[in-house]
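What follows is each chain in one-letter form.
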Amino acid sequence: MAESGYLDQYLHELPPSTRNVTSAAMAVARLSELDWAPRGGYPGSDVLWPVRCLLCGWEGLRFYSHLRRARPKGRHAGCVPASEIADRLDQLRQGLTGTCPCEQPHAVTAEAFQETALLLGSAHADEAWDQALALAESLMGSCPAAGRRGRAAQRAFPRT
Ligand SMILES: [Zn+2]
Ligand SMILES: [Zn+2]
């Protein structure tokens, strides 16, 4: 497997430092709560990120720093009517879970997140790309428990 861009589906042109994987896990969590899906790896908070609106299927570019604050309020031109958005997001939140049901398990506790992030750093340094990819999936792949994992990430690597 080629080194360059091997993690692109999780981190866009960012090294897999504990800080970056924590930011990415928190961003994926926030997007899932707001019914957006990433169409590429997390690029950083103030870089345009290709995303899909799961309320209607619209695809475009958004800054995570704006999405995080649920801006713009109207999501994007042509989305479902504003009166429906709150109901749809309520329904969505009821479907989110704290349990990871995935075949390849995700790191949803602080302990697991911390350990997996450190292993990813080692695998990356050792150029063990296949192993690093599997670890990256555990930390940043999509999961119905992404919200819980995002909170675990925050506890594992608190921001000073
Ligand atoms: Zn939309
Ligand atoms: Zn999962």
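If you're wondering where the values come from, they're calculated on a predicted model, not measured in any experiment.

(A) Main features of the packing of helix H4 (residues 110-125) against helix H6 (residues 146-156). Contact geometry of H4 with H6 gives a least axis separation of 8 Å together with a crossing angle of 70 degrees. Here H6 runs roughly perpendicular to H4, going by the angle between their axes. The two elements H4 and H6 meet at a crossing, and its hand is right-handed. Each of Ala110, Phe113, Gln114 and Ala117 in H4 lies in contact with H6, whose residues at this interface are Arg149, Ala152, Ala153, Arg155 and Ala156. Residue composition of the contact of H4 with H6, grouped by class: six nonpolar, one polar and two charged.

(B) Broad picture of the nonpolar core. Within the largest apolar cluster, 33 residues are counted, with the highest numbers of intra-cluster contacts made by Ala24, Ala25, Val28, Ala136, Leu139 and Met140. Residue assignment for this core shows that the elements contributing at least two residues are helix H1 (18-33), strand S2 (48-53), H4, helix H5 (129-140) and H6. Ranked by residues supplied to this core, first place goes to H1 with eight residues. Non-local contacts of valine 28, meaning those with residues more than four positions away in its chain, are made with Pro38, Met140, Ser142, Ala146 and Gly150.

(C) Representation of unusual backbone geometry in the model. Here glutamate 13, not a glycine, exhibits a phi torsion of approximately 60 degrees, which is positive. Assignment of secondary structure puts glutamate 13 in the segment before H1. A positive phi angle, close to 65 degrees, is found at aspartate 35, a residue other than glycine. Along the chain, the position of aspartate 35 falls in the loop between H1 and strand S1 (36-38). Judged by the 18 C-beta atoms lying within 10 Å of it, aspartate 35 is partly exposed.

(D) Spatial organisation of the sheet that holds strand S3 (residues 59-63). Read from one edge of the open sheet, three strands run S1-S2-S3, paired in antiparallel fashion. The open sheet terminates on both sides in strands that have one partner only, identified here as S1 and S3. On average, adjacent strands in this sheet sit at an angle of 50 degrees to one another, irrespective of strand direction. Sheet topology places S2 next to S3; five bridges connect them, and they run antiparallel. Across the sheet, the residue bridging to leucine 48 is phenylalanine 63, located in S3.

(E) The arrangement of the environment of alanine 134 in detail. Residue position: alanine 134 is located in helix H5. Under the C-beta neighbour-count criterion, alanine 134 is labelled partly exposed, with 16 such atoms within 10 Å. The spatial distance from the C-alpha of alanine 134 to the C-alpha of threonine 116 is 9.9 Å, given a sequence separation of 18 residues.

(F) Examining H6 more closely. Within the span of H6, buried status applies to Ala146, Gly147, Arg149, Gly150, Ala152, Ala153 and Ala156. The inward-facing, buried residues of H6 contact H1 and H4.

(G) Quick look at the pairing of S2. Of the pairings in the sheet, the one linking S1 to S2 comprises three bridges and is antiparallel in character. Note that in S2 the partner of alanine 37 across the bridge is arginine 52. Counted along the chain from S2 to the antiparallel partner S3, the turn is five residues long, and its residue glycine 57 has a positive phi close to 95 degrees.

Calculation rules
Residues numbered from 1 in each chain as written. Chains lettered and ligands numbered in written order. Predicted model: local features only at pLDDT ≥ 70, side-chain atom pairs only at ≥ 80, totals over all residues. Axes fitted to C-alpha atoms, helices over the stretch in contact; angles between N-to-C directions. Helix = DSSP H or I, 4+ residues; strand = E, 2+ residues; numbered from the N terminus. Parallel < 35°, antiparallel > 145°, perpendicular 65-115°, else oblique. Left-handed = near helix turned anticlockwise from the far one by under 90°. Contact = placed C-beta atoms within 7 Å. Nonpolar A, V, L, I, M, F, W, Y, C, P; charged D, E, K, R; others polar. Core = buried A, V, L, I, M, F, W, Y, C linked by C-beta atoms within 7 Å. Buried ≥ 20, exposed ≤ 12 C-beta atoms within 10 Å, placed from the backbone. Pairing = 2+ DSSP bridges.

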